[in-house]
Amino acid sequence: MAIKTIAIIGAGPVGLAAAAQALERGLSPVVLEQGPAAGHAIRQWAHVPMFSPWAFNVDGAAERLLVKAGWTRPDPDRYPTGGDIVSDYVAPLAEKTTLRERVRYNAEVISVSRVGFDKVKSAGRDAALFLLRYRNGETISKLTADAVIDTSGTWFSPNPAGSGGVPASGESEAAKRISYGMPDVLGQARPRYAGKRIAVLGGGHSAIGTLIALAELQEASPSTEITWLYRGTILSKAFGGGAADQLSARGELGLQIADLVERGRIRALTGFRLERVEADEAELRLASDEESNQIATVDELIVATGFRPDLSLLRELRVELDPALECTPTLAPLIDPNIHSCGTVRPHGAAELAHPEPGFYIAGMKAYGRAPTFLLATGHEQVRSIVAELAGDHVAARRVELVLPETGVCSSTPGGPSQAKTSCCGGPAPVAVDACCAEDAKAKAAGEAGCGCGSVQRETREPAEV
Ligand SMILES: Cc1cc2nc3c(=O)[nH]c(=O)nc-3n(C[C@H](O)[C@H](O)[C@H](O)COP(=O)(O)OP(=O)(O)OC[C@H]3O[C@@H](n4cnc5c(N)ncnc54)[C@H](O)[C@@H]3O)c2cc1C
């Protein structure tokens, strides 16, 4: 079936890039965005400095559209905040280019199916149009399309605080003293946190970014107490590649947090798997499981334990997902933090992201499911390839057009930044090889089990978080 219309869910940077790619190929995209403006998710973390400079954050087709509308590309070496990405890129792309007529706002997609087909019915299925139902205030509207790309991200479905992936006992009752993601502790949320005892739960970049911001707040309000609740036992794993990280700002985060912990500005409790939350008028008591048997008494808890995809809207589609990561089974071994936390993921596209439902793809942050290492540049390459495939250009769909920066560390490098080597795993695995990195591919070709980073027992690993 020749594809003409593409419905795109979410006007984040990757959804808009998909629409720009589609326009360039003469297809007709419609973007449905639940928020009142483009970049609705990024607007929630507008205050956060990004660790990738502009050079890695702009899609090629989007740039071509913007340049036609008189846009000047920001300095490629400068590091934007989330807010800069919205004001200097995402908003002009959605409002000042020909994409303007293609985006519908306040349009929350609640289901995607095939017209006249439930999930079970097969005969003739592939020829049926997709049907998207979306909510606009009180009204439910419908849109049909030949293909669908779900780029709705994961920001609005954060993981709960409980260590088993379910809310800790008492978590919802204590909601007033808990926030999720990355609150703006130096800006709008400052009064809530200044001079308070604050616990941050998590081990990824969001937790570390928030801890560093709280340390800055502590300089102005010295009575602020910061506790870092870390589920793993080896704190240095959270520090990342340090100076060996090819995204130097990302490496710098690890170096800064290591220094703050060492100087006692941040108290770190390791092995802290949150089990129970008790709140009263005065404070919040956070209890770990029996094994580590620790209690933290604080005023506020910030939960930064990563995000998960909302799959409810895809219930009637034939979607195939890795049982652990909730990304496609082909992508899973390349990004599984259990076996390989290094960022040397090879660029991937339509082939790795295909589902048993022809014409349907998940791309962008949501494509990584629960894995934490997604980069915008990866998302742009994903949608370039997917749109090429939908347009029938299979050669372009399989071509790799991206070199990703490496983190400079992988989970097989114990000891964190000080022991990390650049290209620890020799870079990404070649395309069409079932291996997590170049070293792994080499070892497998020689008849071995793998390079070592994938052969370490799963249970001894401590997956990173976003
Ligand atoms: C704090 C933070 C910092 C990051 N820093 C970096 C960085 O430095 N470098 C980097 O490369 N990456 C970074 N990332 C990762 C990633 O690049 C960003 O999350 C990026 O915004 C992902 O883009 P996206 O378009 O896939 O999703 P999003 O930006 O999350 O956009 C999804 C859109 O879909 C909409 N939506 C959701 N559900 C629906 C629905 N049902 N119907 C309609 N619309 C819907 C949302 O409102 C949103 O507008 C960061 C992520 C976070 C959270």
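Rules used in this analysis
Residues numbered from 1 in each chain as written. Predicted model: local features only at pLDDT ≥ 70, side-chain atom pairs only at ≥ 80, totals over all residues. Heavy atoms only, no water. Axes fitted to C-alpha atoms, helices over the stretch in contact; angles between N-to-C directions. Helix = DSSP H or I, 4+ residues; strand = E, 2+ residues; numbered from the N terminus. Parallel < 35°, antiparallel > 145°, perpendicular 65-115°, else oblique. Contact = heavy atoms within 4.5 Å. Nonpolar A, V, L, I, M, F, W, Y, C, P; charged D, E, K, R; others polar. Phe/Tyr/Trp six-rings, centres within 6.5 Å; stacked < 30°, edge-to-face > 60°. Buried < 20%, exposed > 50% of the residue type's maximum accessible area, 1.4 Å probe, protein only. Lys NZ or Arg CZ within 6 Å of the ring centre and 35° of its normal. Near = heavy atom within 4 Å. Polar contact = N/O pair within 3.5 Å; in protein donor to acceptor, adjacent residues only side chain to side chain. Areas by Shrake-Rupley, 256 points an atom, 1.4 Å probe, with all protein chains shown as cover. Salt bridge = Lys/Arg side-chain N within 4 Å of Asp/Glu carboxyl O. pLDDT = per-residue confidence, 0-100.

S.K.: Looking at this structure, how should I read the packing of helix 1 (residues 13-24) against helix 3 (residues 60-68)?
M.R.: Packed helix pairs are characterised by how far apart their axes lie and by the angle those axes make with each other. Their axes nearest at 8 Å, the elements helix 1 and helix 3 cross at an angle of 75 degrees. Considered as vectors, helix 1 and helix 3 are oriented roughly perpendicular to each other. Residue-level contacts link A20, Q21, L23 and E24 of helix 1 to A61, A62, R64 and L65 of helix 3. Considered class by class, the residues forming the contact of helix 1 with helix 3 number 5 nonpolar, 1 polar and 2 charged.

S.K.: What should I look at first to understand the packing of aromatic side chains in this one?
M.R.: Any two aromatic rings considered together are summarised by their centre-to-centre distance and by the angle between their planes. A complete count under the given rule lists 5 aromatic pairs for this structure. Relative to Y89, the ring of W54 lies with its centre 6.4 Å away and its plane at 85 degrees, an arrangement referred to as edge-to-face. Of this pair, W54 sits in the loop between helix 2 (40-44) and helix 3 while Y89 sits in helix 4 (residues 82-96), and the two are 35 residues apart along the sequence. With relative accessibility at 0%, the residue W54 sits in the buried group. An angle of 80 degrees between the planes, with centres 5.2 Å apart, marks the rings of Y368 and F374 as edge-to-face. Like F374, Y368 is buried. Here the aromatic cluster, defined as three or more aromatic residues joined through ring pairs, consists of W54, W71 and Y89. Across from the ring centre of F130, 3.9 Å away, lies the NZ or CZ of R114, which sits over that ring. A cation sits over an aromatic face here: K121 above F117, 4.6 Å from the ring centre.

S.K.: Honestly, the site of the ligand in this entry has me stumped. Any pointers?
M.R.: Surveying the vicinity of the ligand reveals 29 residues, the closest of which are E33, F51, S52, M365 and L376. H40 places a main-chain nitrogen or oxygen 3.5 Å from an oxygen atom of the ligand. Taking S52, its side chain carries an N or O atom lying 2.7 Å from a nitrogen atom of the ligand. A total of 980 Å² of accessible area belongs to the ligand in isolation, and the protein chains cover 94% of it. Residue contributions to the shell around the ligand peak at 3 residues, all from helix 2. Considering only residue class, the shell around the ligand consists of 18 nonpolar, 9 polar and 2 charged.

S.K.: Where do I start with the environment of A61 in this structure?
M.R.: Here A61 is to be found in helix 3. Between the alpha carbons of A61 and A19 there is a distance of 9.0 Å; along the sequence they are 42 residues apart. Sequence-distant contacts of A61, defined by excluding residues within four places in its chain, comprise A20, Q21 and E24.

S.K.: What exactly am I supposed to notice about the pattern of salt bridges here?
M.R.: A side chain with one charge may pair with a side chain of the opposite charge, provided their charged atoms come close. Counted according to the given criterion, the structure contains 22 salt bridges. Its salt-bridge partner being E63, residue R73 comes within 2.5 Å of it at the nearest N-O pair. With a gap of 10 residues between them, R73 in the loop between helix 3 and helix 4 and E63 in helix 3 connect regions that are remote in the sequence. Note on R73: relative accessible area 29%, which makes it partly exposed. Residues joined in a network through salt bridges with shared partners are R197, R276, E278, D280, E283, R285 and D299.

S.K.: Can you help me understand the confidence of the model for the protein chain in this one?
M.R.: Caution applies to low-pLDDT regions: their predicted coordinates should not be interpreted in detail. Here the protein chain averages 88 in pLDDT, and 85% of its residues register 70 or above. The model gives residues 409-424 a pLDDT under 50, and that stretch makes 42 contacts with residues more than four places away or in other chains.

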